[in-house]
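# Results of the structural survey
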Amino acid sequence: MNNNILSASGRTFHKFIAHLTNQLSKPKTKFVSQILCGVLFSENLILTNVASKVPHPGRLTAIAKRFRRHLADGISSLKPLWFNYLRLVHRRLDVDNLFIVDLSDIAKPYAKKMENLSLVRDGDKGCLVNGYWCMEVYCRDKNGIIWPLILWPYSLEAESQLSENAQILSILSQLDEYFGEGFGIWVFDRGFDRLNLIEPFLASKRHFIIRQRGDRTVVLSNGVHIILRDLVEHLFAESRSWLVYKKLYLPDIDKPLYVVAYQRQGYEQPIILLTDMVAENKDLALGVRNRYAKRWVGCETSVQFLKSQIGIERFAVRRYRSMQRLIFLASLAMGFLSFLQSRCKDIGKRIEDKLRYCREPKSFWFYRLLIALRDSLSNRARMSLSAWCRPP
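Residues numbered from 1 in each chain as written. Predicted model: local features only at pLDDT ≥ 70, side-chain atom pairs only at ≥ 80, totals over all residues. Heavy atoms only, no water.

## Brief notes about the overall build of the chain
- Within the chain, the secondary structure is distributed over 14 helices and eleven strands.
- Looking at the 392 residues of the chain, the share that counts as buried comes to 55%.
- Of the contacts formed within the chain by residues at least 6 apart in sequence, a portion of 64% connects residues at least 24 apart.
- Accessible surface for the chain amounts to roughly 18100 Å². Of this, 49% is attributable to carbon and sulfur atoms. (Helix = DSSP H or I, 4+ residues; strand = E, 2+ residues; numbered from the N terminus. Buried < 20%, exposed > 50% of the residue type's maximum accessible area, 1.4 Å probe, protein only. Contact = heavy atoms within 4.5 Å. Areas by Shrake-Rupley, 256 points an atom, 1.4 Å probe, with all protein chains shown as cover.)

Below you can see the structure in the form of structure tokens.
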């Protein structure tokens, strides 16, 4: 397995970079290929560590300085790079595939001189620390492979930042610009239970499933206004089932929506979902529930992987715009692992030591692939990386 998986992955990486950097200049292509290669093998985003994994005869400080210069450049090359990547993903999607959206934190509790630091809630420690918010969007393709579409950190202290809602809608509108309105089913957690977001979702014809806090007032078909949590409690008492559903409306909005709620074993409070998808019988309601249940692996496990294995919280870039581009490029490194799973159907057979690479969560192949690639990078195999970074 040692050099075999590394050389096979290198050929796939070369194809991935060729798709990504189509119509980009040679310096930009070289930068993208080298920084993605370094990110995959360095376990953090400190540029000198990333540069140390690049097979290049230059000095580490010179390579890291070149990386900083490219990261500080304008955003002009970022959108073509992103759209080339989305084109690669779009080929593997159907109109009813899931798009999973969430907000996460990038905690930098000891940072003092980074630009536009703001208070964020550290999800691991449950307290407020310095850092940045980060919007994540993932999708699941026809084969169930998870693809990161974008990771974009932002700060509410930034001079050009309007509001969190504006940031969310801006990124979603750019995705709509590429995929088209009404493409996919968008799954959101409780943090998106905001009327300022739901109204634009309905206007853009976006099919959505949003988990509810339960404190929203809704309107029944007979005109009765009721708190959503009380309605769900009444439905459970009436049906005596673990899954309930009902047609309803939001105040001053004519379009019908549906609430789907279900009980989880070991939890007192039910999961309450609001969707614009029709759920007039148990089978349709169960389909809504099953789509939302896939959110955990698509989002929570993915960001855990990005923080623990890619190291998106371990960087030392002070400039705000450079930091945004670095995190965005780190998400493309995970995108390469998705591409590798998609292109190499027998990649699992190449990983021989099942005890070594089958770590929890066992269904999440990104851990297995990255650990196998890093283990195969011995001093002898390091020379194989030169094929990863050659011009396409």
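## Some thoughts on the packing of aromatic side chains
- Applying the stated criterion across every chain yields a total of 19 aromatic pairs.
- Ring geometry for Phe-99 against Trp-186: centres 4.6 Å apart, planes inclined by 20°, an arrangement best described as stacked. Residue Phe-99 is found in strand β1 (residues 98–107), and its partner Trp-186 is found in strand β5 (residues 185–188); the two are separated by 87 residues along the sequence.
- Taken together, the ring pairs in this structure connect Trp-82, Phe-83, Phe-99, Tyr-178, Phe-179, Phe-183 and Trp-186 into an aromatic cluster. (Phe/Tyr/Trp six-rings, centres within 6.5 Å; stacked < 30°, edge-to-face > 60°.)

## Looking at the pairing of strand β4 (residues 146–154)
- In terms of burial, β4 is a largely internal element, nine of the nine residues being buried.
- Connecting strand β3 (residues 127–140) to the antiparallel partner β4 that follows it, the hairpin turn spans five residues, and Gly-144 within it adopts a positive phi of roughly 85°. (Pairing = 2+ DSSP bridges.)

## Brief notes about the side chain of Asn-44
- Tracing the backbone shows Asn-44 in the loop between α2 (26–42) and α3 (47–52).
- Among the polar contacts listed, one links the side chain of Asn-44 to the backbone nitrogen of Ile-46, at a separation of 3.1 Å.
- In terms of polar contacts, Asn-44 uses its side chain to reach the side chain of Asn-49, at 3.3 Å.
- Dropping the residues within four chain positions of it, Asn-44 is found in contact with Asn-49, Val-50, Ile-310, Gly-311 and Arg-314. (Polar contact = N/O pair within 3.5 Å; in protein donor to acceptor, adjacent residues only side chain to side chain.)

## A word on the nonpolar core
- Formed by 117 residues in total, the largest nonpolar core has its most connected members in Leu-36, Leu-175 and Phe-315.
- Here the element with the most residues in this core is helix α11 (residues 320–343); it accounts for 14 residues.
- Among all residues touching Leu-36, those that are not within four sequence positions of it are Phe-13, Phe-16, Ile-17, Leu-20, Leu-329, Leu-332 and Ala-333.
- With 15 residues, the next largest nonpolar core counts Leu-243, Leu-273, Val-288 and Tyr-292 among its residues. (Core = buried A, V, L, I, M, F, W, Y, C linked by side-chain atoms within 4.5 Å.)

## Looking at the environment of Ser-160
- Inspection of the secondary structure assignment puts Ser-160 in the loop between β4 and α6 (164–179).
- A polar atom in the side chain of Ser-160 sits 2.9 Å from the side chain of Arg-321.

## Some words on α2
- Between its terminal C-alpha atoms α2 stretches 24 Å, which fits the 24 Å expected from 17 residues at 1.5 Å a residue.
- Within α2, 14 of the 17 residues are buried, leaving the element largely enclosed by the surrounding structure.
- Glu-43, located one to two residues past α2, shows a positive phi value of around 70°. (Expected span 1.5 Å × (residues − 1).)

## Observations concerning the packing of α11 against helix α14 (residues 365–375)
- Relative orientation of the contacting elements α11 and α14 amounts to 95°, with a least axis distance of 10 Å. Comparing their axes, α14 and α11 come out roughly perpendicular. Residues Met-334, Leu-337, Ser-338, Leu-340 and Gln-341 of α11 form the contact with α14, whose own contacting residues are Trp-365, Phe-366, Leu-369, Leu-370 and Leu-373.
- In the contact of α11 with α14, the residues fall into eight nonpolar, two polar and no charged. (Axes fitted to C-alpha atoms, helices over the stretch in contact; angles between N-to-C directions. Parallel < 35°, antiparallel > 145°, perpendicular 65-115°, else oblique. Nonpolar A, V, L, I, M, F, W, Y, C, P; charged D, E, K, R; others polar.)

## Quick look at the environment of Ser-342
- Here Ser-342 is to be found in helix α11.
- Ignoring sequence-local partners within four residues, the contact set of Ser-342 consists of Arg-92, Ile-145 and Trp-147.
- A polar atom in the side chain of Ser-342 sits 2.8 Å from the side chain of Arg-92.

## So, the side chain of Glu-164
- By secondary structure assignment, the location of Glu-164 is in helix α6.
- Classification of Glu-164 by relative accessible area gives buried; the value is 18%.
- Here Arg-194 takes part through its side chain, which lies 2.8 Å from a polar atom of the side chain of Glu-164.
- Setting aside its immediate chain neighbours within four residues, Glu-164 contacts Leu-103, Trp-133, Tyr-154, Leu-156 and Arg-194.

## Re unusual backbone geometry
- Despite not being glycine, Glu-43 shows a phi value in the positive range, around 70°.
- With respect to the helices and strands, the residue Glu-43 is situated in the loop between α2 and α3.
- With relative accessibility at 43%, the residue Glu-43 sits in the partly exposed group.
- In this structure, Lys-205 is a non-glycine residue whose phi angle is positive, near 65°.
- With respect to the element layout, Lys-205 can be found in the loop between α7 (195–203) and β6 (207–211).
- By relative accessible area, Lys-205 is classed as exposed at 57%.

## Here we look at the pattern of salt bridges
- In the structure shown here, the tally under the stated rule is 14 salt bridges.
- When the shortest N-O distance is used, the salt bridge between Arg-213 and Asp-193 registers 3.8 Å. You can see Arg-213 sitting in the loop between β6 and β7 (217–219) and its partner Asp-193 sitting in the loop between β5 and α7, a full 20 residues away along the chain.
- Between Arg-213 and Asp-215 there is a salt bridge, with its nearest N and O atoms 3.6 Å apart.
- Take Asp-215: its relative accessible area is 42%, and that puts it in the partly exposed class.
- Salt bridges sharing common partners tie together Asp-102, Asp-189, Arg-295 and Glu-300. (Salt bridge = Lys/Arg side-chain N within 4 Å of Asp/Glu carboxyl O.)

Keep in mind that these numbers describe shape and distance, not what the molecule does.
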